Amino acid sequence: MTYPVSITVNGARRKHDVEARLLLVLYLRDTLGLTGTNVGCDTSQCGSCTVLMDGKAVKSCTVLAVQADGAKITTIEGLAVDGKLHPLQDAFWEKHGLQCGFCTPGMILTACNLLEKNPRPSEAEIRHGLEGNLCRCTGYQNIVAAVKEAATRMAKA
Amino acid sequence: MASRIFGSAIKRREDPRLITGQAKYTDDFVLPGMAYLTVVRSPYAHAKVLRLRTKKAAAMDGVLGVFTGQQMKDAGFGAIPCAWVVPGSDTKTPAYPPIAIDTVRYAGNAVAIVVARDRYLARDAADAVEVDYEPLPHVADAEKATQKGQPQLHAEAPNNVCFHWKVSGGDVDAAFKAADVVVKERILNQRLIPNAIEPRAALAQYSSAMNEVTLWVTSQNPHIVRFLLSLDTGIPEQKIRVIAPEVGGGFGSKIPHYPEDSMVIFASKMCGVPVKWTETRSENYRATIHGRDHIQDVEMAAKKDGTILALRAKVWANLGAYLSTASTGIPTILHGLMLSGAYDIKNIHEDVYGVFTNTTPTDAYRGAGRPEATFMVERLVELVARKLKMDPADIRKKNFIPPFTDGHTVATGLTYDSGNYIAAFEKALKMLDYAGLRKKQADLRKKGEHIGIGFCTYAEICGLGPSQVAGAVGFGGGLWESAIVRFHPSGKVNVMVGISPHGQGEETTFAQIVASELGVSVDDVEVTHGDTARTPMGWGSYGSRSTPVGSGALMGAIVKIREKSKVVTAHLLEAAVEDIEYDDGKFFVKGSPSKFKTIQDVALMANVAWNYPKGLEPGLEASAFFDPPNFVYPFGAHIAVVRVDTETGEIKLERYVAVDDCGRVINPMIVNGQIHGGVVQGVGQALWEGAAYDESGQLLTGSMMDYALPKAEDFPNLELGMTETPTNVNPLGVKGIGETGTIASTPAVYNAVMDALAPFGVGKLDMPLTPEKVWRALQGARR
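Computed from a prediction, not measured in an experiment: that's the story for all the values here. All chains use their own residue numbering, which begins from 1 and follows the written sequence. Throughout, the order in which chains and ligands are written sets their labels, letters from A for the former and numbers from 1 for the latter. Residue-level local features of this predicted model are given only where pLDDT is at least 70; pairs of side-chain atoms are given and counted only at 80 or more, and the full residue set underlies all totals for whole chains, interfaces and linings.

## Regarding the overall build of chain A
Part 1 of the argument: Runs of E in the DSSP output that reach at least two residues are strands. Runs of H or I that reach at least four are helices, and both are numbered from the N terminus. Each helix and strand counted, chain A has five helices and five strands in total.
Part 2 of the argument: Tracing chain A from N to C terminus, the helices and strands come up as β-β-α-β-β-β-α-α-α-α.
Part 3 of the argument: In this treatment the radius of gyration is a C-alpha quantity, and the globule benchmark scales as 2.2 Å times the residue count to the 0.38 power. Taking 15 Å as the expected radius of gyration for a compact globule of 157 residues, we find that chain A reaches 15 Å, a close match to that expectation.
Part 4 of the argument: The buried share among the 157 residues of chain A stands at 58%.
Part 5 of the argument: The contact rule is simple: place each C-beta atom from the backbone, and if two of them lie within 7 Å, those residues are in contact. Relative to all contacts within chain A whose residues are 6 or more apart in sequence, the contacts with residues 24 or more apart total 61%. Residue burial here comes from a neighbour count, namely the number of other C-beta atoms, placed from the backbone, that lie within 10 Å of the residue's own C-beta, with 20 or more meaning buried, 12 or fewer meaning exposed, and in between meaning partly exposed.

## Describing the overall build of chain B
Part 1 of the argument: Tallying secondary structure elements over chain B gives 21 helices and 28 strands in all.
Part 2 of the argument: In terms of overall size, chain B behaves like a compact globule, its C-alpha atoms giving a radius of gyration of 27 Å where 783 residues would be expected to give roughly 28 Å.
Part 3 of the argument: Within chain B, the proportion of its 783 residues that are buried is 59%.
Part 4 of the argument: Long-range pairs, those at least 24 residues apart, make up 81% of the contacts in chain B between residues at least 6 apart in sequence.

## What about the interface of chain B and chain A?
Part 1 of the argument: With 45 residues of chain B at the contact, the number on the chain A side is 44 residues.
Part 2 of the argument: In terms of residues, the side of chain B that touches chain A owes the most to one element, helix α19 (residues 668–687) of chain B, which gives seven residues.
Part 3 of the argument: Each residue gets one label: Ala, Val, Leu, Ile, Met, Phe, Trp, Tyr, Cys and Pro are nonpolar, Asp, Glu, Lys and Arg are charged, and the others, such as Gly, are polar. Residue composition of the side of chain B that touches chain A, by class: 19 nonpolar, 17 polar and nine charged.

## Details of the packing of helix α11 (residues 370–388) of chain B against helix α12 (residues 392–399) of chain B
Residue and element names in this part refer to chain B.
Part 1 of the argument: A fitted line through C-alpha atoms serves as each axis, taken over the contacting stretch for helices, and the angle formed by two N-to-C directions is quoted from 0 to 180°. Axis separation between α11 and α12 bottoms out at 9 Å; the angle between their running directions is 115 degrees. Handedness of the α11/α12 crossing: right-handed. Between α11 and α12, the contacting residues are Val381, Glu382, Val384 and Ala385 on the first element and Pro392, Ile395 and Arg396 on the second.
Part 2 of the argument: Class assignment of the residues belonging to the contact of α11 with α12 gives a composition of five nonpolar, no polar and two charged. Put simply, a crossing is left-handed when the front helix is turned counterclockwise from the back one by less than a right angle, and right-handed when it is turned clockwise.

## Some thoughts on the sheet that holds strand β18 (residues 450–459) of chain B
The strands making up a sheet associate through hydrogen bonds between their backbones, and the pairing can be parallel or antiparallel.
Residues and elements named next belong to chain B.
Part 1 of the argument: In this analysis, strands are considered paired if DSSP registers two or more bridges between them. Pairing is mixed in the open sheet, where four strands are placed in the order β18-β26-β27-β28. The open sheet terminates on both sides in strands that have one partner only, identified here as β18 and β28 (719–722). On average, each strand axis in the sheet is inclined to that of its neighbour by 15 degrees, with strand direction left out of account.
Part 2 of the argument: Pairing of strand β27 (residues 651–661) with β28 involves four bridges; the strand directions are parallel. Among the inter-strand pairings, Ala658 is bridged to a residue of β28, identified as Leu720.
Part 3 of the argument: Sitting on the sheet, helix α20 (residues 740–757) is in contact with β18, β26 (635–644) and β27, with an inclination near 145 degrees to β18.

## Side note on the environment of Gly354(B)
All names here are of chain B.
Part 1 of the argument: By the element assignment, Gly354 lies in strand β15 (residues 347–356).
Part 2 of the argument: Note on Gly354: 28 C-beta atoms within 10 Å, which makes it buried.
Part 3 of the argument: The residues contacting Gly354, other than those within four sequence positions of it, are Cys162, Phe163, Ala317, Leu319, Thr328 and Pro331.

## Brief notes about the nonpolar core
All names here are of chain B.
Part 1 of the argument: One finds Leu37, Ile113, Val114, Val495, Val514, Val749 and Val753 to be the most contacted residues of the largest nonpolar core, which totals 312 residues.
Part 2 of the argument: For this core, the element with the highest residue contribution is α20, accounting for 10 residues.
Part 3 of the argument: The residues touching Ile113, leaving out its near neighbours within four places in the chain, are Leu37, Val39, Val40, Phe67, Ile99, Met263 and Ala267. Structurally, a nonpolar core is described as a collection of buried Ala, Val, Leu, Ile, Met, Phe, Trp, Tyr and Cys residues joined by way of C-beta atoms within 7 Å.

## Re the environment of Ile240(B)
All names here are of chain B.
Part 1 of the argument: For Ile240, the location among the structural elements is in strand β11 (residues 240–243).
Part 2 of the argument: Of the residues examined, Ile240 has 23 C-beta atoms within 10 Å and is grouped as buried.
Part 3 of the argument: Along the backbone, Ile240 and Val225 are 15 residues apart, and their C-alpha atoms lie at a distance of 9.7 Å.
Part 4 of the argument: With residues up to four places along the chain from it excluded, the contact list for Ile240 reads Val213, Arg226, Leu229, Ser230 and Ile235.

## Here we look at the sheet that holds strand β1 (residues 2–9) of chain A
Residues and elements named next belong to chain A.
Part 1 of the argument: Strand order in this open sheet of five strands is β2-β1-β5-β3-β4, and the pairing throughout is mixed. Single-partner strands in this sheet number two, and they are β2 (12–19) and β4 (56–59). Looking at each pair of strands side by side, their axes are set apart by 40 degrees on average, direction ignored.
Part 2 of the argument: The sheet strands contacting helix α3 (residues 104–117) are β3 (50–53) and β4, and the helix crosses β3 at an angle near 40 degrees.

## A look at helix α7 (residues 222–232) of chain B
Residues and elements named next belong to chain B.
Part 1 of the argument: Taken across its 11 residues, α7 has nine buried, putting it largely inside the fold.
Part 2 of the argument: Residues Pro222, His223, Ile224, Val225, Arg226, Phe227, Leu228, Leu229 and Asp232 constitute the buried set of α7.
Part 3 of the argument: Where α7 is buried, its residues meet β10 (212–217), β11 and α8 (259–271).

## Remarks on the environment of Phe6(B)
Residue and element names in this part refer to chain B.
Part 1 of the argument: Along the polypeptide, Phe6 turns up in the segment before α1 (15–19).
Part 2 of the argument: On the basis of neighbour count, Phe6 is assigned to the partly exposed category, with 17 C-beta atoms found within 10 Å.
Part 3 of the argument: Sequence-distant contacts of Phe6, that is, excluding residues within four places in its chain, are made with Gln512, Ile513, Ser516 and Ile666.

## Observations regarding helix α4 (residues 119–127) of chain B
Residue and element names in this part refer to chain B.
Part 1 of the argument: Buried within α4 are the following residues: Arg119, Leu121, Ala122, Ala125 and Ala126. What you see down the axis of α4 is that its buried residues fit within an arc of 165 degrees, all on one side.
Part 2 of the argument: Considering only its buried residues, α4 is in contact with β1 (35–41), α2 (55–58), β3 (63–68) and β5 (110–116). It is the directions from the helix axis to the C-beta atoms that the arc portrays.

## Some thoughts on unusual backbone geometry
Residue and element names in this part refer to chain B.
Part 1 of the argument: With an omega of -25 degrees, the peptide bond between Leu464 and Gly465 qualifies as cis.
Part 2 of the argument: Position of Gly465 among the secondary structure elements: in the loop between β18 and α15 (467–472).
Part 3 of the argument: Following Met767, the chain continues to Pro768 via a peptide bond in cis, the omega torsion being -5 degrees.
Part 4 of the argument: With respect to the helices and strands, the residue Pro768 is situated in the loop between α20 and α21 (771–782).
Part 5 of the argument: If you check the backbone angles, Asp90 has positive phi at about 55 degrees while not being a glycine.
Part 6 of the argument: If you trace the backbone, Asp90 turns up in the loop between α3 (69–74) and β4 (103–104).
Part 7 of the argument: A tally of 12 C-beta atoms within 10 Å means that Asp90 is categorised as exposed.
Part 8 of the argument: In this structure, Arg292 is a non-glycine residue whose phi angle is positive, near 55 degrees.

## Quick look at the confidence of the model for chain B
Part 1 of the argument: Across chain B, the average pLDDT comes to 97, with 99% of residues at or above 70.
Part 2 of the argument: Note on the complex model: pTM 0.98, ipTM 0.99. Residue-level confidence of the predictor is summarised by pLDDT, bounded by 0 at the bottom and 100 at the top.

## A short note on the packing of helix α2 (residues 87–94) of chain A against α3(A)
Residue and element names in this part refer to chain A.
Part 1 of the argument: The geometry of α2 relative to α3 is characterised by a closest axis approach of 10 Å and an angle of 125 degrees between their N-to-C directions. Judged on the interaxial angle alone, α3 and α2 are oblique. In the packing of α2 onto α3, the handedness of the crossing is right-handed. Here α2 contributes Leu88, Gln89 and Phe92 to the contact with α3, which in turn contributes Thr104, Ile108, Ala111 and Cys112.
Part 2 of the argument: Here the residues of the contact of α2 with α3 sort into five nonpolar, two polar and no charged. By the definition adopted for this analysis, an angle is roughly parallel if under 35 degrees, roughly antiparallel if over 145, roughly perpendicular if from 65 to 115, and oblique otherwise.

This is how it looks when you write it as structure tokens:
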């Protein structure tokens with residue numbers, strides 16, 4: 001039994017018939033081939049699979065594709081505009097906010113949502129805002145610095 | 001002369017693909033006709049497998065096959081080889097079948113595999129495989145497992161003892177007799193779960209016509225995986241291509257050759273399609289190796305003035321149910337030889353028992369053996385200081401090995417390369433304002449607030465290592481590295497290396513080395529790694545060896561390029577080869593630097609070979625191998641400041657000062673990043689992380705919900721400092737920095753908490769120092 005869904009992913013409308021149990025993250029990865037969104041756990045702890053759903057950061061491993069019917073999804077692949085990196089992508093690069101890069105797409109999209117809600121966060125607010133995203137490589141320090149840097153750049157823009 | 005690119009914090013060239021989602025990790029690969037594999041795993045810690053019913057699963061829609069361990073064995077797939085057998089220790093190496101055949105020995109042990117058209121169908125079919133088990137008694141604790149009457153895991157290992165390894169130096173008994181004070185402690189260095197954020201995955205494409213296979217796998221060392229696969233799959237080494245594409249962290253857990261590597265190859269062979277397996281996180285917690293898990297009985301002897309005389313230890317190291325690739329080397333060579341750390345301790349003795357238990361196999365986890373040694377010595381130094389009422393800073397200063405640049409041999413027989421421990425420690429104390437902080441601590445105590453200051457002054461062994469030593473200590477491979485530097489006609493450069501970084505940034509640091517040593521732009525250098533078909537043989541990335549050993553090979557190739565370039569230049573400038581000099585990308589006649597050829601000029605001429613020295617081979621390409629004469633020994637001083645809430649038991653890390661010395665620094669941004677990550681991981685062990693099994697042998701901490709990993713909010717900004725003491729072990733004078741943070745931060749934070757709790761008379765707690773444990777200890781102390 002499948003269900004029709006129509007989901008706008010990175011600006012393009014996609015229509016598919018999907019099983020009810022298909023996770024949004026596997027719809028993105030396996031059905032659409034958008035493998036930038038990673039799966040790091042199966043209990044919604046790690047945040048690697050974070051995408052924006054109608055502008056809000058969600059863990060796509062705990063959203064069913066059918067629940068995203070009609071929604072607008074932004075993945076890491078859709079963040080750069082006309083080949084120009086998003087300020088967060090740029091700041092993560094500049095500040096060495098990544099090592100193996102596996103948590104990075106989720107980290108960046110969570111930070112996107114964080115800065116949307118709070119454009120000038122304090123360091124403590126950034127650290128708190130990232131509590132749903134785990135990184136095992138960086139020790140977070142440079143991620144926090146990157147988010148701060150991006151906030152500064154975005155405020156100037 | 002090296003240009004300024006060496007030593008600069010340039011941005012990483014790896015990052016553009018990683019921040020845009022274009023990087024390809026193993027699970028991102030999709031091949032035509034590809035099927036998915038799911039592993040059926042034992043829910044029991046120890047059981048006989050009485051019967052496997054696979055028919056129902058095999059008949060399900062979309063299922064290509066259900067296979068057992070016996071079928072895999074019959075198809076010629078052998079036991080997973082153990083690649084480290086510590087000599088002189090009567091090591092037992094029981095068979096480790098990739099799929100259990102008649103007995104399962106830990107909860108998570110594979111009993112069958114299912115191959116189906118998609119991930120969901122494979123999981124459905126796995127649930128339909130019926131297995132009848134007869135549960136057997138089990139044991140999870142390593143010390144208990146060696147006692148009489150305990151369940152036996154392997155017939156060839158009586159009392160579950162895999163090996164008994166010893167190390168001795170000096171006269172320990174005499175030193176203890178002569179001691180003024182002796183301190184003793186039982187340390188539980190708890191079991192940890194590595195938690196690379198990318199779970200493991202493996203994808204095999206087998207060709208029956210050619211009997212060859214390509215394996216994409218989450219590995220830190222594809223060449224080792226290929227070598228081991230040639231031993232257990234029946235496919236010859238030259239027919240196996242192993243690709244470690246983007247790898248999402250490893251921390252040791254992606255060193256081993258795992259059963260699933262063989263399973264996907266077997267399944268691809270049986271089903272005639274490419275087969276992929278991707279671990280779920282809960283599966284990762286049971287099926288990927290764990291780390292640490294030592295029970296240590298330790299005693300230290302000292303004189304009244306604080307001079308440490310001797311260290312004696314007895315250790316039960318939990319190896320889990322089977323021997324993973326390097327497991328016996330971790331609690332022995334990488335642990336026991338480093339017991340004296342940064343101190344001049346002349347008398348050392350340790351007995352290590354490697355023990356089989358009904359738990360997930362253990363192996364290298366960031367630090368691998370050295371954290372277990374460093375914690376031991378750092379804790380006991382602290383206890384001696386406490387007993388003698390000495391300042392813990394003073395006792396360290398008193399016992400440091402004095403500064404040395406040309407080797408220092410310690411009691412266990414290792415010769416450290418270079419060190420200046422006092423300098424790093426003094427720098428850290430200054431950054432902290434130690435005297436001021438002690439005063440603040442005393443003032444706060446009067447107000448009922450409790451902060452603690454904890455030290456770890458460490459020296460560690462990495463840059464593994466000389467191959468002859470590897471052979472002598474039972475490691476089943478070499479530990480040299482290789483590199484190829486290839487100049488194209490356009491003057492651009494491809495570099496192929498045997499190491500296999502997975503987040504450490506060597507694509508950048510190695511490009512920096514080539515740029516600074518050959519005078520090309522860093523953007524003109526491309527570094528390739530992680531593919532046995534595209535890179536020369538190398539032993540991979542672990543033991544903080546990629547830069548110290550890998551750069552040695554790279555420098556060898558660079559020197560060959562320079563020498564050949566001098567011959568070409570001499571021909572072009574009609575000069576004698578001996579008169580040609582090199583500086584910053586230019587080759588010129590001695591004394592007249594205005595007459596020169598650039599490396600790009602040489603590269604073009606060498607590639608077209610129109611006007612060329614007679615008898616000289618065309619092309620500008622060099623290949624080199626580097627086998628280091630010794631390990632490298634980075635060192636440093638870490639200081640943690642914690643605040644303990646005596647009402648709730650909660651611990652807050654207030655400050656963290658780290659001064660590390662990894663010799664010459666190629667890219668300070670990357671070095672600092674390694675330290676940040678390492679420190680945070682080690683703090684995790686001190687405060688939150690710990691794997692636990694329940695009475696039935698089930699892993700209680702079986703998911704990220706139950707196993708507490710460090711989060712951004714748990715940390716202040718770390719304060720880093722550096723000293724630079726080069727090594728003469730490799731051409732660039734560099735030491736490894738991948739593991740120092742993890743090695744140092746666990747004891748630093750532990751000692752800080754104990755310092756804060758000292759006024760309450762709390763002398764000992766087992767890690768992790770959770771609020772509950774601290775609160776209970778405080779309640780006990782108040783009673």
